[in-house]
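# Structural overview
Take a look at the letters that make up each chain.
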Amino acid sequence: MVGKKKILLLVVSLVFALAIPVSLSAHGRSMVMPWQGKDKHSVSVSFRANATIIDVSYRDNATFITQIDSLFDVLNNDPRMEIVSVGIGGTASPEGTASRNKKLSHTRMMVLDAYLRESMELPDSIVKYNDQYITWQHLTQLVDSDPNPIAHKERVLEILQKENLVGIDRNGDPQDGRINAIYYIDNGATWELLQERYFPEMRNAWVTIVTTNRDEAVAPIPAAEPQMEPETVVETAYRGAGT
C-alpha cells in the first residue's frame, strides 16, 4: 500500500488520466481501476550525452530504478493497489542537431517503456507517451533557481521565454532559435556554461504512474426490522330499542 510505503515523488510530471476505468493483468492478477484516492508516483532516469542506454552507474539512476522496482513490487503483491494511468516521456538537451535530439528523446522514452513492461503488463490503453524533445521550461527553472547565477542570467531567461524564435542548426536545417540567440550572447561562452552546468539535467526519461487504493469493503447497513402494522379497530354501533 503506497500510503504506508511512502514512495518518494522525485519529479513534477504531468498526470495522464483516462475517461473510463480499465482492467489490466499484473502477472496474472486482475486489477480494476476505481476513481477514488489517486496517488501519483514519478521517477526520472538520466542519460549520458548522446546515449539511450539506462546506465545504473550514472548519477542517481540506481536509486531511481530501485524505486520503480519497489513500486511494482507493491502493485504486484497488494490486491488493494490499482493503476489508473501511466505517462512515459523522454527529453534531450539542446546541443546537437534538431533531428538528432528528436530521435534521442523518443528513443529514451521507448527504452524506459520497455524496462517498465519487463516488470508489469501495461495495456496500451492506459499508457500515454510524450517525447518532449527539449524541455525549455525545465532549463528555465534550472537557470532561475541556481544559487550561483551565471553571468548573463537575466538575458538568458529573457531569451528562454521567446518560444517563436527560429534558427538554423549546423546542417542548415531549422531549429529552435533560442539556441542561436544564447550562443550569440558572447560567442558561445554562455552556451558552453549552460552545457556544462545544466544540460546533464535535461537528458532523461520519466514515468508517472497514477494509482489508487481500492476502497475497503463496507459492511452493509442492516435492513430495518419490519414494523408491525397497528391493528385496525372497527367500532360497531349498536342501536338500542327506541333510539
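See the structure shown above.
Here's a quick rundown of the structure. Because the structure is predicted, anything quoted here is derived from the model rather than measured. (Residues numbered from 1 in each chain as written. Predicted model: local features only at pLDDT ≥ 70, side-chain atom pairs only at ≥ 80, totals over all residues. Heavy atoms only, no water.)

## Comments concerning the overall build of the protein
The helix and strand inventory of the protein stands at 7 helices and 8 strands. Across the 243 residues that make up the protein, the buried fraction comes to 43%. Taking all contacts inside the protein whose residues are at least 6 apart in sequence as the whole, residues at least 24 apart take part in 74%. Carbon and sulfur atoms form 53% of the exposed surface of the protein, whose accessible area is close to 14300 Å². (Helix = DSSP H or I, 4+ residues; strand = E, 2+ residues; numbered from the N terminus. Buried < 20%, exposed > 50% of the residue type's maximum accessible area, 1.4 Å probe, protein only. Contact = heavy atoms within 4.5 Å. Areas by Shrake-Rupley, 256 points an atom, 1.4 Å probe, with all protein chains shown as cover.)

## Some words on the pairing of strand β4 (residues 81-91)
The element β4 is largely enclosed, with a buried count of 11 among its 11 residues. Of the strand pairs in this sheet, β4 and strand β8 (residues 204-213) are connected by 9 bridges, and their pairing is antiparallel. Counted as the bridge partner of S85 is V210 from β8. (Pairing = 2+ DSSP bridges.)

## What about the nonpolar core?
Core analysis: the biggest nonpolar cluster contains 25 residues, and V86, L112 and V207 have the highest contact counts within it. Every element with two or more residues in this core is listed here: β3 (38-46), α2 (61-77), β4, α3 (98-119) and β8. Leave out the neighbours within four places in its chain, and L112 touches V45, I54, I68, I88, A205, W206 and V207. Counting 19 residues, the second-largest nonpolar core is a separate cluster that includes L139, L157, L160 and M202. (Core = buried A, V, L, I, M, F, W, Y, C linked by side-chain atoms within 4.5 Å.)

## Topic: the side chain of D146
Residue position: D146 is located in the loop between α4 (136-145) and α5 (153-160). Given a relative accessible area of 14%, D146 falls into the buried group. Of the polar contacts made by the side chain of D146, one reaches the backbone nitrogen of N148; its length is 2.9 Å. Separated by 2.9 Å, the side chains of D146 and R197 make a polar contact. Every residue in contact with D146, bar those within four places of it in the chain, is listed here: R197 and Y198. (Polar contact = N/O pair within 3.5 Å; in protein donor to acceptor, adjacent residues only side chain to side chain.)

## Overview of the layout of surface pockets
Here the second largest pocket defines a volume of roughly 230 Å³. Forming the walls of the second largest pocket are 14 residues, and the residues nearest its centre are R170, Q175, I179, Y183 and W191. Those elements that provide at least two residues to the lining of the second largest pocket are α6 (177-183) and α7 (189-197). Looking at the lining of the second largest pocket element by element, the count peaks at 3 residues for α6. Counted by class, the lining of the second largest pocket contains 6 nonpolar, 5 polar and 3 charged residues. (1 Å grid on protein atoms, 1.4 Å probe; cavity = no way out; pocket = protein on both sides within 12 Å on 5 of 7 lines; lining within 4 Å. Points joined across faces, edges and corners; volume = space filled by probe spheres on them. Nonpolar A, V, L, I, M, F, W, Y, C, P; charged D, E, K, R; others polar.)

## Notes on empty space enclosed by the protein
Across all of its chains, the model carries 1 cavity of 30 Å³ or more by this definition. Volume-wise, the largest cavity comes out at about 40 Å³. Contributing to the lining of the largest cavity are H41, S42, V43, Q67, I68, L71, V207 and I209. Counting only elements with at least two residues in the lining of the largest cavity, the list comes to β3, α2 and β8.

## Some points on the packing of α4 against α5
One can describe the packing of α4 onto α5 by two numbers: an axis separation of 10 Å at closest approach and a directional angle of 165°. On the basis of their axis angle, the class for α4 and α5 is roughly antiparallel. Considering only the axes of α4 and α5, their crossing is left-handed. The segment α4 lies against α5, with W136, L139, T140, V143 and D144 engaging K153, V156, L157 and L160. Looking at side-chain class alone, the contact of α4 with α5 contains 6 nonpolar, 1 polar and 2 charged residues. (Axes fitted to C-alpha atoms, helices over the stretch in contact; angles between N-to-C directions. Parallel < 35°, antiparallel > 145°, perpendicular 65-115°, else oblique. Left-handed = near helix turned anticlockwise from the far one by under 90°.)

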